[in-house]
Amino acid sequence: MIIALPTRDGLIDDHFGHCDHYTLVTVKDNRIVFSERMDSPQGCGCKSDIAPVLAERGVKVMLAGNMGEGALNILRNVGIQVVRGCSGPIEDVLDKWLSGEIKDNQITCDHHDCDHHDEPVLTKLKPL
């Protein structure tokens, strides 16, 4: 399984569509077996074709800070499970998700300066 983490300076970016790059992590038997950087498109990723590109790369899960309803729907429509409300170092977020501690906070931004980006998520969700 491949997991995408919108990244800026080693942290989950507060808004998926504005990230510096995506960290793509391949997980097998609940262990990280490969990690790579994929640059994000110029401008706002929310309006780019990043969702089908991620799906073509095999991404099944997006561990994100937050995003708008449009981006959420586009990612879901290409078969990517979205977990919103993640924050902190990408390694910590990934470890918590793999151990079942992270759950989608179900908060969607309605504009780019949304104030819900720092809401914590720590409850149970089993990895795929």
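Check the entry above for the structure.
Residues numbered from 1 in each chain as written. Predicted model: local features only at pLDDT ≥ 70, side-chain atom pairs only at ≥ 80, totals over all residues. Heavy atoms only, no water.

(A) Local environment of the environment of Asn30. Note on placement: Asn30 falls in the loop between β3 (21-28) and β4 (31-39). When the C-alpha positions of Asn30 and Ser99 are compared, they lie 8.5 Å apart, and in sequence the two are 69 residues distant. Among the polar contacts listed, one links the side chain of Asn30 to the backbone oxygen of Leu98, at a separation of 3.1 Å. (Helix = DSSP H or I, 4+ residues; strand = E, 2+ residues; numbered from the N terminus. Polar contact = N/O pair within 3.5 Å; in protein donor to acceptor, adjacent residues only side chain to side chain.)

(B) Highlighting the pairing of β3. Counting buried positions over the eight residues of β3 gives six, a clear majority of the element. Strand direction decides the pairing type here: strand β1 (residues 2-8) and β3, joined by six bridges, are antiparallel. Bridge pairing in β3 links Ile3 to Val25. As defined by bridge partners, β3 adjoins β4 across eight bridges and the pair is classed as antiparallel. The partner of Val27 across the bridge, within β4, is Ile32. The hairpin turn running from β3 into β4, its antiparallel successor, is two residues long, and Asp29 in that turn takes a positive phi close to 50°. (Buried < 20%, exposed > 50% of the residue type's maximum accessible area, 1.4 Å probe, protein only. Pairing = 2+ DSSP bridges.)

(C) Fine view of the nonpolar core. Residues Phe16, Tyr22, Leu24, Leu54, Met62, Met67 and Leu75 are the most contacted members of the largest nonpolar core, which totals 19 residues. Looking at this core, the elements with two or more residues in it are β1, β3, α1 (50-56), β5 (59-63) and α2 (69-77). One finds Ile3, Cys86, Leu94 and Leu98 within the second-largest nonpolar core, a separate group that totals 15 residues. (Core = buried A, V, L, I, M, F, W, Y, C linked by side-chain atoms within 4.5 Å.)

(D) Region of the structure containing helix α3 (residues 90-98). All of the buried residues in α3 are Ile90, Val93, Leu94, Trp97 and Leu98. Along the long axis of α3, the arc covered by the buried residues comes to 130°, so they all point the same way. Tucked inside the fold, the buried residues of α3 contact β1, β2 (11-12), β3, β4, β5 and β6 (81-83). In the stretch just after α3, Gly100 is the one whose phi turns positive, near 85°. (Arc of directions from axis to C-beta. Contact = heavy atoms within 4.5 Å.)

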